[in-house]
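Residue-level structural notes
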Amino acid sequence: EVPSYYVEDSHPAIIDAAEFDMVQTEMARRKAVGRSYSGMSVFASKIFCADCGGVYGQKVWHSNDKYRRVIWQCNSKFKKGKSKCSTPTLNETDIQSRFLTAYGQLILGRDAILTSCEEAISFLTDTSAIDERIQVTNEKLEQNTELIRAVVREHAAIAQTEEEYHHKYDPLMTEHETISARLDGYLAERARKIERGKQLRAFLAALRKAPDSLLEWDEQVWLLMVDHATVYPNGSVCFIFKDGTEITA
């Protein structure tokens, strides 16, 4: 068999590494939303209702006449058996203009955000402690597994009742499930830290390249920089950027 080797950065990438990470974090965000994702609009599954936590969806008013209008409102606003949400409807122009205002405020504090993010990344994404817990838990799981195997071998070699066998086997299996669940939790936490690191690095790359001002709506900047937005009953919209910065417009 011919030896294989993995070489990094041997040739120019088809997709920029930072852009690739941005796509991966966006895919993870959509999965975490916990609802069916619609890609019909750049606002899909990104705007939420402060009243009920529901997602804003696109609606068409007067679809068959000259007053046709596309608006966004909470999908749960008129659901039966629920109190009506007090958050307002928005049109795309509303959302876009408010985003431009929030973006302007973000850029004013760009240097401070870059500095704080760079300092925070190593702390927020440090997996050394969780790696140690994973190692210890793996060792406990291996020890438990060996004990289970020993009980099974004993049962096959020595005559004993099912009651005697399960008296030894069942507690070990219960412990095995407990340890496995704990290990799964640690692994999930580690994955979240790694994903958070990718998200922050991708955001920093986008922020460094971002224009000093936006005079008109830019779909790419929205997709790269905004995690989600929350609409409040008073009509204000809070934009949560991918580094966690919140700006209300």
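Predicted model only: the values in this text are computed from it and were never measured. Starting from 1, residues in each chain are numbered consecutively following that chain's sequence as written. Local features in a predicted model are, by the rule used here, given only for residues with pLDDT of at least 70; side-chain atom pairs are given and counted only at 80 or more, and totals for whole chains, interfaces and linings are based on all residues. To get the side-chain values, take all heavy atoms of the structure and skip hydrogens and water.

Things to note about the overall build of the chain
This is how the line gets drawn: The numbering of helices and of strands both runs from the N terminus, where a helix is a DSSP run of H or I of at least 4 residues and a strand a run of E of at least 2. Only protein chains enter the accessibility calculation, which uses a 1.4 Å probe; a residue is then buried when its area is under 20% of its type maximum, exposed when over 50%, and partly exposed in between. In what follows, residue pairs with any heavy atoms lying within 4.5 Å of each other are defined as contacts. Note on areas: Shrake-Rupley with a 1.4 Å probe; residue coverage comes only from the protein chains shown.
Secondary structure summary: the chain contains 6 helices and 6 strands in total. Here the chain holds 249 residues, and 35% of them are scored as buried. Within the chain, residue pairs in contact and separated by at least 24 positions form 58% of the contacts whose partners lie at least 6 positions apart. About 15,800 Å² of surface is accessible on the chain, with carbon and sulfur atoms providing 53% of the total.

Some points on helix α3 (residues 110-124)
Short version of the rule: Multiplying one less than the number of residues by 1.5 Å gives the expected span of a helix.
Here α3 is 15 residues long and its end C-alpha atoms lie 20 Å apart, about the 21 Å a rise of 1.5 Å per residue gives. The set of residues buried in α3 consists of Arg110, Ile113, Leu114, Cys117 and Ile121. Elements in contact with the buried residues of α3: α2 (92-108) and α5 (162-209).

Here's the deal with the sheet that holds strand β4 (residues 226-231)
Strands pair in a sheet through their backbones, by hydrogen bonds, and they do so in one of two ways: parallel or antiparallel. Quick reminder of the rule: Following DSSP output, two strands are said to pair if at least two bridges run between them. An axis is simply a line fitted to the C-alpha atoms; with a helix, the fit covers only the stretch in contact. Between two such axes, the angle follows the N-to-C directions and lies from 0 to 180 degrees.
Taken together, 4 strands build an open sheet; the order of strands is β1-β4-β5-β6 and the sheet is mixed. Only two strands of the sheet have a single partner each, and these edge strands are β1 (47-49) and β6 (246-248). Within this sheet the neighbouring strands show an average axis-to-axis angle of 25 degrees, counted without direction. Both β1 and β4 contribute to a ladder of 3 bridges, which runs parallel. Among the inter-strand pairings, Cys49 is bridged to a residue of β4, identified as Val231.

A few points about the confidence of the model for the chain
Rules: Confidence scores per residue from the predictor, reported as pLDDT, run from 0 to 100.
Mean pLDDT over the chain works out to 85, with 84% of the residues at or above the 70 mark. Averaged pLDDT values over the elements of the chain bottom out at 63 in helix α1 (residues 17-33) and peak at 96 in strand β5 (residues 237-241).

Digging into the packing of aromatic side chains
Let me state the cut-off plainly: For this analysis, a ring pair means two rings from Phe, Tyr or Trp (six-membered ring only for Trp) whose centres lie within 6.5 Å, classed as stacked if their planes differ by under 30 degrees, edge-to-face if by over 60, and tilted for the remaining angles.
For the coordinates displayed, the defined rule picks out 10 aromatic pairs. Centroid distance Phe43 to Trp222: 5.1 Å. Interplanar angle 80 degrees. Geometry classified as edge-to-face. Pair noted here: Phe43 is in the loop between α1 and β1 and Trp222 is in helix α6 (residues 219-225), with a separation of 179 residues, a long-range link. Exposure remark for Phe43: the relative accessible area of 1% places this residue in the buried category. On the numbers, 5.2 Å between centres and 20 degrees between planes, the contact of Tyr165 with Tyr169 is stacked.

Let's talk about the nonpolar core
Formally: In these notes, a set of buried Ala, Val, Leu, Ile, Met, Phe, Trp, Tyr and Cys residues joined through side-chain atoms within 4.5 Å is what counts as a nonpolar core.
With 36 residues, the main nonpolar core has Phe99, Leu207, Trp222, Met225, Phe239 and Phe241 as its most contacted residues. When residues of this core are traced back to their parent elements, those giving at least two are β1, β3 (69-74), α2, α3, α5, α6, β4 and β5. Among the elements that take part in this core, α2 stands out by supplying 6 residues, more than any other. With residues up to four places along the chain from it excluded, the contact list for Phe239 reads Ile95, Arg98, Phe99, Ala102, Trp222, His228, Ala229, Thr245, Glu246, Ile247 and Ala249.

Some thoughts on the pairing of β4
Taking burial as the measure, the 6 residues of β4 include 5 buried ones, the bulk of the element. Bridge analysis of β4 against β5 gives 5 bridges, and the strand direction is antiparallel. Each residue of the ladder has a partner; that of Ala229, found in β5, is Phe239. As consecutive antiparallel partners, β4 and β5 are separated by 5 residues, and within that stretch Gly235 has a phi angle of approximately 95 degrees, a positive value.

Overview of the environment of Ser128
Going by this rule: Identification of polar contacts relies on pairs of N or O atoms within 3.5 Å, with a donor-acceptor requirement for protein atoms, meaning one able to donate a hydrogen and the other able to accept it, and with residues adjacent in sequence counted only if both atoms are side-chain atoms.
Along the chain, the position of Ser128 falls in helix α4 (residues 128-157). Residue Ser128 is classed as partly exposed on the basis of its relative accessible area, which comes to 44%. Taking the C-alpha atoms as reference points, Ser128 and Arg190, 62 residues apart in sequence, are found 9.5 Å from one another. Engagement of the side chain of Ser128 in a polar contact is seen with the side chain of Asp126, the distance being 3.0 Å.

Details of α5
What counts here: Note that the bend at a residue is defined as the angle between axes fitted to the seven residues ending at it and the seven residues starting at it.
Between the first and last C-alpha of α5 there are 68 Å, a value that for 48 residues agrees with the 70 Å anticipated at 1.5 Å per step. At Tyr169, α5 shows its maximal bend, which comes to roughly 25 degrees, and the proline Pro171 appears one to four places after that position.

With respect to unusual backbone geometry
Positioned with a positive phi, Ser45 is a non-glycine residue whose angle comes to about 60 degrees. Assignment of secondary structure puts Ser45 in the loop between α1 and β1. For Ser45, a relative accessible area of 7% translates into the label buried.

Description of the pattern of salt bridges
Stated formally: The term salt bridge refers to a side-chain nitrogen of Lys or Arg lying within 4 Å of a carboxyl oxygen of Asp or Glu.
Scanning the entire structure with this criterion turns up 7 salt bridges. The shortest N-O distance in the salt bridge between Arg153 and Glu146 comes to 3.1 Å. Given the relative accessible area of 49%, Arg153 is considered partly exposed. Connected through shared salt-bridge partners, Glu146, Arg149 and Arg153 make up one network.

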